[in-house]
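So the chains spell out like this:
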Amino acid sequence: MNVAAKTYQKGEIPGVIAIKASVCKGCDACKRHCPTGAITGMFGATHSINADLCLSCGQCLINCPFGAPYETSDTVDAVIAKLQDKNTTVVGIIAPAVRVAIGEDFGLPAGSLVTGKLYGSMRKAGFDILDNNFTADLTIMEEGSEFIARARHAVFGEENAHGGHIGPLPQFTSCCPAWVRFVETKYPALIPHLSSAKSPQQMAGTVAKTYGVKVWNKPADRIYTVGIMPCTAKKLEASRPEFISAYEYNSKKGQAAGASYPDVDTVLTTRDLSRLFKKLGINLAAEKEMEGGTLLADYTGAGTIFGNTGGVMEAALRTAYAVITGNELKPLEFKKVRGLNGVKSASVTIRDSKYSKDVTINVAVVHGIARNIAPVVDEVLAGRSPYHFIEVMNCPGGCINGGGQPIYGNGSSWIDAIRPWFAWR
Amino acid sequence: MEEKSYQYMENPLHVTRREFITIGGIVIAFLALPAVWFKSIATSNNQYIQARTKGLYQDDEKSAVRVSHANQSVMRYYKEFGGEPLGHLSHELLHTGYINRSKGLI
């Protein structure tokens, strides 16, 4: 790991991904998947990662044929210790993409939706549940309102009711931590275009330690929040030093005496969670289906599709349409932003009931930034982007193919696919 | 000077035309195998992405409520605690800022 890392704040994990030199064969397969060219090393020689460029997205990790990249942060045992501590409420924040992938680690077919079994296993392990889909809905309320404010400011010159600054169009989504870091390191000029809304994970941590104090009837420093994410970059995001808003809020109210605590205490990837279940002897596939238990586990269909590319946009459009026109969108499915094309775009003409005028909104959805982001960003920087709202996810396909997901035997790890055909395996 | 006699040998390998075509076909099939392998790997890569995508859209379709602004718990959060979207408390708790990290990279 690069000790003199310059693109990290104090307290952040300086790069979640590293390459095990003894395993790397120098085959260059990972370089194809790296969005920033952070992987250095000649073909045939051991590769290493330039931590300053690395986004910690983990695409190299899930696509390496030899399993050479690994995560530098592993907190499975720390979480188990907290689960056994009776004084602590451990809150698991379950991301949408986890429920369609974790079954693969327990022998279920790819794409099995196991929300009930996942809740059951989590509660058996001792977690309380805050479904990240709940905060995805919350994100839509904040980010969607922000977009409407920006759009009405640009079109009708409407000012912020609270006198705050209103950012420019197009607005980029800010849910993907690898994308946020990509902007911060490579295109800082785009920072005003990023939505100021926190990602669902960070909202969840903050809500758990402020509003959640009432829900679980526990002081905030006795609530331990664990993000359960399909994503390795979320580990880096949770360690950003500015994410202590719950502590700041509680100490302003005089309810935080001790040391400062982060909004999200630690993050487990989907793979980490199945490892935790296996260590505790829980077989997810055979568990009972259960409900989430609290109001913070309530979610809508709009929140759950956040894990797919185009999902954030679709969810935002459903809500923005209803807020702007006063009617529900019909049909609710917005098929143009679905699918696996690199850049998807659509435009909707809607009638703003507040100003009684028709407005056309052009939206774009980008995923797999390693290949697809450059033309879209160049247009925005040149000031001739036709879009008003752009969703970006780093990983191809969205979070469901994130760097923390179960490694699919033969993904691009083609050695594993071919190995069974040979006698000496 | 003795003249070297020219000897013509018909089909020294004793391969008939049909056998030649068969052998040629087998060789080409073997050459094409890697292409089939890589194609199957590439499609299976997309298959698991598509299966997971489908799983989440199923979750959406079977939900009783499918729009964020109708989530009763979110409404309750704003009513009991958060105020309104983009309100004062939202700004304090649910929004953030970003920093320019490009200086370290020249």
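Keep in mind the model is a prediction, meaning the values are calculated, not measured.

Definitions and cut-offs
- Residues numbered from 1 in each chain as written.
- Chains lettered and ligands numbered in written order.
- Predicted model: local features only at pLDDT ≥ 70, side-chain atom pairs only at ≥ 80, totals over all residues.
- Heavy atoms only, no water.
- Core = buried A, V, L, I, M, F, W, Y, C linked by side-chain atoms within 4.5 Å.
- Buried < 20%, exposed > 50% of the residue type's maximum accessible area, 1.4 Å probe, protein only.
- Contact = heavy atoms within 4.5 Å.
- Patch = residues over 30% accessible without salt bridge, like charges linked within 9 Å, V, L, I, M, F, W, Y side chains within 5 Å.
- Areas by Shrake-Rupley, 256 points an atom, 1.4 Å probe, with all protein chains shown as cover.
- Salt bridge = Lys/Arg side-chain N within 4 Å of Asp/Glu carboxyl O.
- Helix = DSSP H or I, 4+ residues; strand = E, 2+ residues; numbered from the N terminus.
- Polar contact = N/O pair within 3.5 Å; in protein donor to acceptor, adjacent residues only side chain to side chain.
- Phe/Tyr/Trp six-rings, centres within 6.5 Å; stacked < 30°, edge-to-face > 60°.
- Lys NZ or Arg CZ within 6 Å of the ring centre and 35° of its normal.
- Axes fitted to C-alpha atoms, helices over the stretch in contact; angles between N-to-C directions.
- Parallel < 35°, antiparallel > 145°, perpendicular 65-115°, else oblique.
- Left-handed = near helix turned anticlockwise from the far one by under 90°.
- pLDDT = per-residue confidence, 0-100.
- Pairing = 2+ DSSP bridges.
- Arc of directions from axis to C-beta.
- 1 Å grid on protein atoms, 1.4 Å probe; cavity = no way out; pocket = protein on both sides within 12 Å on 5 of 7 lines; lining within 4 Å.
- Points joined across faces, edges and corners; volume = space filled by probe spheres on them.
- Nonpolar A, V, L, I, M, F, W, Y, C, P; charged D, E, K, R; others polar.

Some thoughts on the nonpolar core
Residues and elements named next belong to chain A. Ranked by size, the top nonpolar core spans 81 residues in total, and within it Phe127, Trp179, Leu273, Leu276 and Phe277 carry the most contacts. When residues no more than four places from it in sequence are discounted, the contact partners of leucine 276 are Val76, Val79, Ile80, Leu83, Ala125, Phe127 and Leu268. If you look at the next biggest cluster of nonpolar residues, it comprises 29 residues, including Phe147, Ala316, Ile350 and Val365.

Re a nonpolar patch on the surface
Where nonpolar side chains cluster on the molecular surface, the patch consists of Ile26, Phe30, Leu33 and Val36 of chain B and spans about 390 Å² of accessible area. For phenylalanine 30 of chain B, the location among the structural elements is in helix H1 (residues 17-61).

With respect to the side chain of glutamine 171 of chain A
All names here are of chain A. For glutamine 171, the position within the fold is in strand S7 (residues 171-172). Judged by its relative accessible area of 0%, glutamine 171 falls in the buried class. Engagement of the side chain of glutamine 171 in a polar contact is seen with the backbone nitrogen of phenylalanine 147, the distance being 3.4 Å. In this structure glutamine 171 touches Glu143, Glu146, Phe147, Arg150, His193, Ser195, His388, Phe389 and Ile390, once residues within four positions along its chain are discounted.

Looking at the packing of aromatic side chains
Describing an aromatic ring pair means giving the distance of the ring centres and the angle of the ring planes. Using the criterion set out here, one finds 12 aromatic pairs over all chains in the structure. A ring pair is formed by tyrosine 247 of chain A and tyrosine 261 of chain A, whose centres lie 5.3 Å apart and whose planes are at 80°; its orientation type is edge-to-face. You can see tyrosine 247 of chain A sitting in helix H9 (residues 245-252) and its partner tyrosine 261 of chain A sitting in the loop between H9 and strand S9 (266-269), a full 14 residues away along the chain. The two residues tyrosine 247 of chain A and tyrosine 261 of chain A agree in class, both being buried. Taken together, the ring pairs in this structure connect Tyr211 and Tyr249 of chain A together with Tyr77, Tyr78 and Phe81 of chain B into an aromatic cluster. Sitting over the ring of phenylalanine 106 of chain A, lysine 278 of chain A keeps its end group 5.0 Å from the ring centre.

Focus on the packing of helix H4 (residues 132-156) of chain A against helix H12 (residues 311-325) of chain A
Residues and elements named next belong to chain A. Interhelical geometry of H4 versus H12 gives an angle of 60° and a closest axis separation of 9 Å. What the angle tells us is that H4 and H12 run oblique. As for how H4 packs across H12, the hand of that crossing is right-handed. Of the residues in H12, those in contact with Ile140, Met141, Ile148 and Arg152 of H4 are Val312, Ala315, Ala316, Thr319, Ala320, Val323 and Ile324.

Observations concerning helix H10 (residues 270-279) of chain A
All names here are of chain A. Counting buried residues along H10, seven of its 10 residues qualify, which places the element largely inside the surrounding structure. Within H10, burial applies to Thr270, Arg271, Asp272, Leu273, Ser274, Leu276 and Phe277. Positioned one or two residues after H10, glycine 281 has a phi angle of 70°, which is positive.

Looking at the interface of chain A and chain B
Each partner contributes residues to the interface: chain A has 85 residues there, and chain B has 52 residues. Seen at the junction of chain A and chain B, the total is seven salt bridges. For the salt bridge of arginine 318 of chain A with aspartate 60 of chain B, the shortest nitrogen-to-oxygen distance reads 3.0 Å. Between chain A and chain B we count 36 residue pairs in polar contact (both at pLDDT 80 or more) in total. Put simply, the parts of the chain that give the side of chain A that touches chain B at least two residues each are H4, helix H5 (177-186), helix H6 (200-209), H9, helix H11 (301-304), H12 and helix H14 (414-418) of chain A. The leading source of residues in the side of chain A that touches chain B is H4 of chain A, at nine residues.

Observations concerning the confidence of the model for chain B
The predicted structure's coordinates, where accompanied by low pLDDT, should not be read in detail. Model confidence for chain B is summarised by a mean pLDDT of 86, while 92% of its residues fall at 70 or above. At the level of individual helices and strands, chain B shows its lowest average pLDDT in H1 of chain B, which scores 86, and its highest in helix H2 (residues 72-82) of chain B, which scores 91.

Some remarks on the pairing of strand S10 (residues 343-352) of chain A
Residues and elements named next belong to chain A. The two faces of S10 differ: Lys344, Ala346, Val348, Ile350 and Asp352 on one face are buried, but Val343, Ser345, Ser347, Thr349 and Arg351 on the other face are not. Pairing of S10 with strand S11 (residues 357-367), which is carried by 10 bridges, proceeds in the antiparallel orientation. Bridging across to S11, threonine 349 finds its partner in threonine 360. Here S10 hands over to S11 after four residues, with serine 356 in that stretch at a positive phi of 50°.

Focus: the sheet that holds strand S5 (residues 89-94) of chain A
Residues and elements named next belong to chain A. Spatial ordering of the open sheet is given by S6-S5-S8-S9, a layout of four strands whose pairing is parallel. Both edges of this open sheet fall to strand S6 (128-131) and S9, since each of them pairs with a single strand only. Going across the sheet, the axis of each strand differs from the next one's by a mean of 30°, ignoring polarity.

Thoughts on the pattern of salt bridges
Charged atoms that come close allow side chains of opposite charge to pair. Residue and element names in this part refer to chain A. This model, assessed by the stated rule, comprises 29 salt bridges over all chains. With a closest N to O distance of 3.2 Å, glutamate 287 and lysine 124 form a salt bridge. Of the two residues, glutamate 287 sits in the loop between H10 and H11 while lysine 124 sits in helix H3 (residues 115-125), which places them 163 residues apart along the sequence. Exposure remark for lysine 124: the relative accessible area of 53% places this residue in the exposed category. Among the charged side chains, a salt-bridge network with shared partners connects Glu71, Asp74, Lys235, Arg271, Asp272 and Arg275.

Observations concerning H2 of chain B
Because each turn of an α-helix spans 3.6 residues, side chains separated by three or four positions end up pointing in the same direction. For H2 of chain B, the full list of buried residues reads Ser73, Val74, Tyr77, Tyr78, Phe81 and Gly82 of chain B. For H2 of chain B, the arc enclosing every buried residue in end-on projection is 145°, short of the 170-degree limit, so these residues lie on one face. Exposed side chains of H2 of chain B directed beyond 90 degrees from the buried face belong to Gln72 and Lys79 of chain B. Against H4, H6, helix H7 (212-216) and H9 of chain A together with helix H3 (88-93) of chain B lie the buried residues of H2 of chain B. Sitting at the amino-terminal end of H2 of chain B is asparagine 71 of chain B, which places a side-chain oxygen 3.0 Å from the backbone nitrogen of serine 73 of chain B. Phi turns positive one or two residues past the end of H2 of chain B, at glycine 83 of chain B, with a value near 85°.

So, the layout of surface pockets
For the largest pocket, the calculated volume is near 940 Å³. Every residue lining the largest pocket is counted, 35 residues in all, and those nearest its centre are Glu146, Ala149, Asn160 and His165 of chain A together with Leu86 of chain B. Mapped by element, the contributors of at least two residues to the lining of the largest pocket are H4 and H12 of chain A together with H3 of chain B. Examining the composition of the lining of the largest pocket, we find that eight residues originate from one element, H4 of chain A, more than from any other. When its residues are assigned to classes, the lining of the largest pocket shows 13 nonpolar, 16 polar and six charged.

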